[in-house]
Amino acid sequence: MRIIGIDTSTMVGSVALVNDGRLEGEYTLNVRRTHSERMMPALVRVMEDAGISASQIDGVAVAIGPGSFTGIRIGVAGAKGLAYTLSKPVIGISTLDALAFGMSLAATLICPVLDAKRGQVYTAIYQGAGRPDSPPRRLTEYLAVDIEEVLGKLVELGGEVVLLGDGVEPNLPKIQDLLGERARIVPHTVGTMRAGWVAQLGMARLADGVLDDPLSLLPLYVRPPEVDRIKADRLKRGAIP
Amino acid sequence: MKGMSVLFDEDALVLGIETSCDETSAAVVRGGKTIMSNVIASQVDLHAKYGGVVPEVASRKHVEAIIPAVDTALHQAGVSLAELAGIAVTYGPGLVGGLLVGVSAAKAIAFGGQVPLVGVNHIEGHIYANFLEHPELKAPLICLTVSGGHTDLLYIPAFGAYELLGRTRDDAAGEAFDKVARVMGLGYPGGPQIDRLARDGNPRAVELPRALSQEETFDFSFSGLKTAVLNYIHRERQSRKDGPLPEELLADLAASFQAAVVEVLSARTIEAAKEKRVRTVVMSGGVAANSLLRQEMSGAGAREGIAVYYPSLVLCTDNAAMIACAGYYRFRRGDRASWSLNAEPDLRL
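Quantities reported herein were computed from a predicted structural model and do not represent experimental measurements.

Looking now at the overall build of chain B. Across its full length, chain B carries 11 helices and 10 strands. Against the compact-globule benchmark of 20 Å for 349 residues, chain B has a radius of gyration of 21 Å, which places it among compact chains. Along the longest, intermediate and shortest principal axes, the C-alpha atoms of chain B span 70 × 45 × 30 Å. Counting every position in chain B, which comprises 349 residues, the buried fraction comes to 60%. The long-range fraction of contacts in chain B, counting pairs at least 24 apart against all pairs at least 6 apart in sequence, stands at 73%. Total accessible area on chain B is roughly 13,300 Å²; 49% of this is exposed by carbon and sulfur atoms. Within chain B, one finds 33 positive and 40 negative side-chain charges whose respective centroids are separated by 1 Å.

Below, the discussion takes up the pattern of salt bridges. Under the counting rule described, the total for this entry stands at 29 salt bridges over all chains. The closest approach of N and O atoms between A:Arg118 and A:Glu226, which form a salt bridge, is 3.7 Å. Here A:Arg118 is found in the loop between strand S6 (109–115) and strand S7 (120–123), whereas its partner A:Glu226 is found in the loop between helix H7 (195–208) and helix H8 (227–239), with 108 residues between them in sequence. For A:Glu226, a relative accessible area of 33% puts it in the partly exposed group. One salt-bridge network, held together by shared partners, links B:Glu124, B:Arg330, B:Arg333 and B:Asp335.

Residues and elements named next belong to chain B. Entries for chain B in the domain assignment read domain 1 (2–128 + 316–332) and domain 2 (139–311). For domain 1 versus domain 2, the separation of C-alpha centres amounts to 28 Å. Contacts between the two partners involve 15 residues from domain 1, matched on the other side by 19 residues from domain 2. Of the roughly 1,300 Å² buried where domain 1 meets domain 2, counting both sides, 70% is carbon and sulfur surface. On the domain 1 side of the interface with domain 2, the three residues burying the most area are Ile123, Ile127 and Cys316, jointly 45% of the side's total. With six residues, the single largest contributor to the side of domain 1 that touches domain 2 is helix H4 (residues 122–133). Residue composition of the side of domain 1 that touches domain 2, by class: eight nonpolar, five polar and two charged.

Residue and element names in this part refer to chain A. Split into domains, chain A comes out as domain 1 (2–95 + 194–224) and domain 2 (103–191). Centre-to-centre separation of domain 1 and domain 2, based on C-alpha positions: 24 Å. With both chains or domains summed, domain 1 and domain 2 bury close to 1,000 Å², and 62% of this area falls on carbon and sulfur atoms. Looking only at domain 1, the three residues that lose the most surface to domain 2 are Trp197, Val222 and Arg223, adding up to 49% of its buried area. The interface formed by domain 1 and domain 2 contains zero salt bridges. Scanning the region where domain 1 abuts domain 2 turns up three residue pairs in polar contact (both at pLDDT 80 or more). Looking at the side of domain 1 that touches domain 2, its residues break down into six nonpolar, five polar and one charged.

Counting residues at the interface gives 39 residues for chain B and 37 residues for chain A. Between chain B and chain A the total buried area reaches about 3,300 Å² when both faces are included, carbon and sulfur atoms providing 69% of it. Run the count over chain B and chain A and you get one salt bridge. Among the salt bridges present, the one from A:Arg73 reaches B:Glu56, with a minimum N-O distance of 2.9 Å. Inspection of the region where chain B meets chain A yields eight residue pairs in polar contact (both at pLDDT 80 or more). Secondary-structure elements contributing two or more residues to the side of chain B that touches chain A are helix H2 (55–77), helix H3 (96–113), helix H5 (173–183) and helix H7 (223–239) of chain B. Of the residues assigned to the side of chain B that touches chain A, the class counts are 22 nonpolar, nine polar and eight charged.

Moving on to the sheet that holds strand S5 (residues 90–94) of chain A. All names here are of chain A. If you walk across this open sheet you meet the five strands as S3-S2-S1-S4-S5, and the pairing is mixed. Looking at strand neighbours, the two that pair on one side only are strand S3 (22–30) and S5, the edges of this open sheet. On average, adjacent strands in this sheet sit at an angle of 15° to one another, irrespective of strand direction. Sheet topology places strand S1 (residues 2–7) next to strand S4 (residues 59–65); four bridges connect them, and they run parallel. Following the sheet pairing, Ile3 is matched in S4 by Gly59. Together, S1, strand S2 (12–19) and S3 form the strand contacts of helix H1 (residues 35–50), whose direction differs from that of S2 by roughly 25°.

Residue and element names in this part refer to chain A. Topologically, Ile93 is positioned in strand S5. Here the alpha-carbon distance between Ile93 and Asn19, two residues 74 residues apart in the chain, equals 17 Å. With sequence-adjacent residues up to four places away left out, Ile93 is seen in contact with Val62, Ala63, Ile64, Gly65, Ala98, Val198, Leu201, Gly202 and Arg205.

Now for the state of the cysteines. Residue and element names in this part refer to chain B. Taken as a whole and judged by the stated rule, the model has zero disulfides over all chains. Here Cys21 stays free of any disulfide, with the sulfur of Cys316 as its closest cysteine sulfur at 15 Å. For Cys21, a relative accessible area of 24% corresponds to the partly exposed category.

Moving on, we get to the nonpolar core. Core analysis: the biggest nonpolar cluster contains 96 residues, and A:Ile4, B:Ile17, B:Leu74, B:Leu84 and B:Ile87 have the highest contact counts within it. What B:Ile87 contacts, discounting residues up to four positions off in sequence, is B:Leu15, B:Ile17, B:Ala106, B:Ile109, B:Ala110, B:Val115, B:Pro116, B:Leu117, B:Val118 and B:Phe331. One finds B:Ala260, B:Val262, B:Ala288 and B:Leu292 within the second-largest nonpolar core, a separate group that totals 55 residues.

About the criteria used
Residue positions are given per chain, counting from 1 as you read along its sequence in written order. Think of it this way: whatever chain is written first is A, whatever ligand is written first is 1, and the rest follow in order. Local features in this predicted model are restricted to residues of pLDDT 70 or higher, and side-chain atom pairs are both shown and tallied only at a pLDDT of 80 or more, whereas totals for entire chains, interfaces and linings draw on every residue. Heavy atoms throughout the structure, all of them, feed into the side-chain values; hydrogens and water do not. Here a strand is any run of E in DSSP of at least two residues, a helix any run of H or I of at least four, and the numbering for each starts at the N terminus. For the radius of gyration, the atoms used are the C-alpha atoms, and the globule rule reads 2.2 Å times the number of residues raised to 0.38. Each residue is assigned to one of three classes by its accessible area relative to the maximum for its type, calculated with a 1.4 Å probe on protein chains only: buried under 20%, partly exposed between the two thresholds, exposed over 50%. For this analysis, residues touch if any pair of their heavy atoms sits within 4.5 Å. Using the Shrake-Rupley algorithm and a 1.4 Å probe, accessible areas are obtained, with residue cover drawn only from the displayed protein chains. When charges are counted, Lys and Arg contribute as positive and Asp and Glu as negative, whereas His and the chain ends are disregarded. Where a charge sits is defined by one atom per residue type, namely NZ (Lys), CZ (Arg), CG (Asp) or CD (Glu). We define a salt bridge as a side-chain nitrogen of Lys or Arg found within 4 Å of a carboxyl oxygen belonging to Asp or Glu. The split into domains, and so the bounds of each, comes from an automatic or database assignment of domains. Defined here as a combined quantity, buried area equals the accessible surface (1.4 Å probe) lost by two parts on assembly, summed across both. The classification used treats Ala, Val, Leu, Ile, Met, Phe, Trp, Tyr, Cys and Pro as nonpolar, Asp, Glu, Lys and Arg as charged, and all other residues, Gly among them, as polar. Under the rule applied, a polar contact is a pair of N or O atoms within 3.5 Å (in protein, one hydrogen donor and one hydrogen acceptor; residues adjacent in sequence only if both atoms are side-chain atoms). Here, a strand pair is defined by DSSP locating no fewer than two bridges between the strands. Interaxial angles span 0 to 180 degrees and are taken between N-to-C directions of axes, which are lines fitted to C-alpha atoms, for helices over the stretch in contact. Cysteine sulfur atoms that come within 2.5 Å of each other are treated as a disulfide pair. Definition used in this section: a nonpolar core is a set of buried Ala, Val, Leu, Ile, Met, Phe, Trp, Tyr and Cys residues joined via side-chain atoms within 4.5 Å.

Here's what the structure looks like:
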């Protein structure tokens, strides 16, 4: 079984090929250029370099968010297009699940934190099993909250916490303030999201037969669109042009 | 890639994808002229309650609707992916979130299916809507593209070559229709509503400005006209102590507003044709569906010996058949997109 993994949820863009639990190739870029320009060239590059043709693919796993709305749509639209065209299954994986999975060996709480703009973070809290064959168990909903809220939950739960993701650094003072020694901050080079993690989780879902449909897979936004503000703006502009 | 050797002959099948505004559309067109399918998933009801397109809401709907639209278009055409000679996708201008969904899906389908890909300018697509129904059309042409996002007057000396003669300096014509309809309480989209109401009104009842009529220009401006309509409504409402406006007054206002827009559009378009010594005018875009604009432009053209063409109603709206058609001609010229094709919201012709 060979699976493509795709992640475009944050500024990190990553594509990978995983074959029966073995990473065959992975390309991860953490730059400002748009995912629209980066994703397909990266995928084509990895497949060519690994000598794999499209017909040798058994499924496409994609990180569906939460994350940048635009980013996850690029990933999901691309993954659906690919899976549809190849008549192969698509598997949507939560970006937070994939980040937590990357820290599978931790037997502590695991808390991926992504910058959600507007002073908030996308996050969820997981209990790590400390074993590579058992993915971390999610204890909360997928959240879009102020950092204080998730830190408060972590204080309540007690014990050490492994923290990773692009929402950690901007909130470091608050994290250290509230969790102190209990916070285990994963270095960027170790904790950067990798599509191999997405593909590995996709592989497990494929084995369990829990698949998504290329016609209907949707991003996991967590947050609704800000239409109320837009509507209010527009009505105001309509009245006073 | 297999596609590189494909000849884009008269039987070549092109899949078109269009997601630049609030319609998710996919179509299959044979040989640049025969529409095999043209699936349009409209989001108009979704945006109606906001009185206009909300970009984030549109983007979310596009990513939901894109693959079903492609799947339905292929099924209705009775065509498999393997039979496609190429895929054409709108990459601008438009709302960036929607464009990105179409471009991402199109690239993935092209890669997975080993089919060549080409990017199409949305405005060019609207122009080619005319060729779908009138394959006999020949350059040189003058083209007026009028929609909710665009008001462009173009000189087309030869296929694929465009000279922008004029464009709106503020609101697009369709935008003016939407905004005026909103303050008149007519709902969204405004164009068809005003068109319908205007049939019962007197187009000379309310005196409204014709912008830039003193200037030697092919540009347009509709914000002054829009403001005049709004001021008129405020005055009338005040004189009725904020009571409702009578139906006849609204019909007269709709007719007068529509006449003002149409007069400027048709006069400047015919003037451009005369200046460039062109005998053919084509119209495109959603506002080209306006019944008065069709009638006035045809009449003005006939008086000057200029033939006026416009697409059928369904091809005036955003649709992927026109993108497939424009893409077919791009393919024939040897155009191909790379895997790094990006959305360009401000793309110019």
